[in-house]
Amino acid sequence: MRVRVRILTAGCLVLWTMGYVVMAGAQGTETGKAGAAATKIHGVATRPLTATSAPTVAATPPMGWNSWNFFAGKVTDKDIRDTADLLVSTGMRDAGYVYVNIDDTWEGKRDAEGRIQSNEKFPDMKALADYVHSKGLKLGIYSSPGAKTCAGYEGSLGHEEQDAQTYAEWGIDYLKYDLCSYGGVMKAQAPDDLPAQYKLMREAYEKMHQAIVKTGRPMVYSLCQYGWDSVWEWGPSVGGNLWRTTGDISANFDRMSTIGRGQAGLDRFAGPGHWNDPDMLEVGNGRLTHDENVTHMTLWAMLAAPLIAGNNLTQMTPDVASILMNKEVIAIDQDALGRQGDRLGAEGPLETWWKPLKGDRKGEWKAAIAIFNFGDTAGVSGVPLGLDRDGTMIARDVWSGKDLGKIDSNWRTTIPRHGVVLLVVR
Ligand code: GLA
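Computed from a predicted structure; not experimentally measured. (Residues numbered from 1 in each chain as written. Predicted model: local features only at pLDDT ≥ 70, side-chain atom pairs only at ≥ 80, totals over all residues. Heavy atoms only, no water.)

### Brief notes about the packing of helix α5 (residues 160–170) against helix α7 (residues 194–215)
Put simply, the rule is: With axes taken as lines fitted to C-alpha atoms, and helix axes fitted only over the stretch in contact, angles between N-to-C directions fall between 0 and 180 degrees. For helices the rule is a DSSP run of H or I covering at least 4 residues; for strands it is a run of E covering at least 2, with both sets numbered from the N terminus onward. Angle categories are assigned with fixed cut-offs, so that under 35 degrees is roughly parallel, over 145 is roughly antiparallel, 65 to 115 is roughly perpendicular, and the rest are oblique. Should the near helix be turned anticlockwise from the far one by less than a right angle, the crossing is left-handed, and should it be turned clockwise, the crossing is right-handed. The contact criterion used throughout is that any non-hydrogen atoms of two residues lie within 4.5 Å.
Packing of α5 against α7 leaves a shortest axis separation of 8 Å and a crossing angle of 45°. Judged by the inter-axis angle, α5 sits oblique to α7. Every pair of crossing elements has a handedness; the one defined by α5 and α7 is right-handed. On the side of α5, the interface is formed by Glu-160, Glu-161, Asp-163, Ala-164, Gln-165 and Ala-168, while α7 contributes Lys-207, Met-208, Ala-211, Ile-212, Lys-214 and Thr-215.

### Side note on the state of the cysteines
Let me state the cut-off plainly: To count as a disulfide, a pair of cysteine sulfur atoms needs to be within 2.5 Å. Working definition: with a 1.4 Å probe on protein chains only, accessible area under 20% of the residue-type maximum means buried, over 50% means exposed, and in between means partly exposed.
Within the structure shown, the criterion is met by one disulfide. One disulfide bridge connects Cys-150 with Cys-180, the sulfur atoms lying 1.9 Å from each other. Across the disulfide from Cys-150 to Cys-180, rotation about the S-S bond amounts to roughly -95°, and the bridge is consequently left-handed. Taken as a pair, Cys-150 in the loop between β9 (138–143) and α5 and Cys-180 in the loop between β10 (174–178) and α6 (182–189) lie far apart in primary sequence, 30 residues in all. In this structure Cys-150 comes out as partly exposed when scored by relative accessible area, which is 48%.

### Considerations on the site of the ligand
So the rule is basically this: Residues are counted as near a molecule or strand when any one of their heavy atoms sits within 4 Å of it. Within 3.5 Å is the distance limit for a polar contact, defined as a pair of N or O atoms, with the added protein rule that one can donate a hydrogen and the other accept it, and that residues adjacent in sequence qualify only through two side-chain atoms. Here the open area of atoms and residues is found with the Shrake-Rupley method and a 1.4 Å probe, where only the protein chains shown may cover a residue.
In the vicinity of the ligand lie 13 residues, with Asp-103, Asp-104, Lys-176, Asp-178 and Asp-248 positioned nearest. A distance of 2.5 Å separates an oxygen atom of the ligand from a polar side-chain atom of Asp-248. Considered on its own, the ligand offers 310 Å² of accessible surface; in the complex 92% of this is hidden by protein.

### A few points about the packing of aromatic side chains
Using the following cut-off: Planes of paired rings set the category: under 30 degrees apart is stacked, over 60 is edge-to-face and the rest tilted, where pairs are Phe, Tyr or Trp rings (Trp by its six-membered ring) whose centres lie within 6.5 Å.
Within this structure, the stated rule accounts for eleven aromatic pairs. Their ring planes at 55° and their centres at 5.2 Å tell us that Tyr-99 and Tyr-174 sit as a pair that is tilted. A residue pair is termed long-range when its members are at least 10 positions apart, and Tyr-99 in strand β6 (residues 99–101) and Tyr-174 in strand β10 qualify at 75 residues. For Tyr-99, a relative accessible area of 11% corresponds to the buried category.

Structure representation (structure tokens):
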């Protein structure tokens, strides 16, 4: 392991390599755009985004729960109330999971004035919002710029202001706005003209942003259009607080890890108020093993990704609860510096990722280092970084909760198949 980082002056890190394969940014997302296209938008060079003022929402990556990954089209008012109760009783709310987000399939018909109604699964959205708020939680909802949502329910096309106003009256705090059938509108209005289609897409997202602003109610605005047109480059300009960078996640290791690893190179587009979103957590879903759940949670924390749990809280095991609520891992994700981590390098299936932390006070951790093993057999690795001139650093193993004291280039650890060792260092 031969990458080292030295602190030259406060907060200034220099990284150099000696034969270690540095590949941060080399792998794009599944669209193949993340690394290569990250510096250009329609031929114009872009700079990393910086917040001009303190964000009113999403100063750190949003945390909460969303109905889609487990309940999908079956979600009901009762599921949301049960989830709200359990977010409180399990300690998840106090660990930071405050948004309770209803995904697709809540939508009913519009009334004579065009006002959107919730369907029979959600008899009274305002009462539900009041209930969720009474638990010290916030409520999120879902719509599409198209006439239909991805599950074929009523979208917001032509009703953007009216819908935003309705959400505000209900007490909604978060909107996920999913492209879905608007892709068809784009194609119909600008056949065979991709740049013109993308322009329509950006305008549609901007339109709902303006509609939300007009309500005067703060809402987290979550763009969902699967990373098209390098959304990380323009998401903040249409009011996005987070934007999906990929297609849908599913509860298996290959899909989860492909999405997570594909975020390499996108770090400079994230920051307070505007985050890359590699999709919601599958921790506790499907047949993900303990080590796979730990890897998933670690990778998302290293990415400063929104932590939106997607499991069925009524059946949450103590193991899954302890993974989702590991305070030190959440602190890495939520670190006030707001820097997304990036891949430093790889040796076969072993990948080392690095995330700078605020750590500006004496004794605070300055960085998190995760060594992932995406391979099918256990691997042995050292740590490629030396924070001090003498090539040592003080480290703590986060998942085992063990202080390691001073470690140097001789330090080695065994990483299980599909597992990870996560360190914080100073
Ligand atoms: C799309 C989104 C998912 C989910 C479904 C709902 O596939 O990417 O996250 O919201 O729509 O229909």
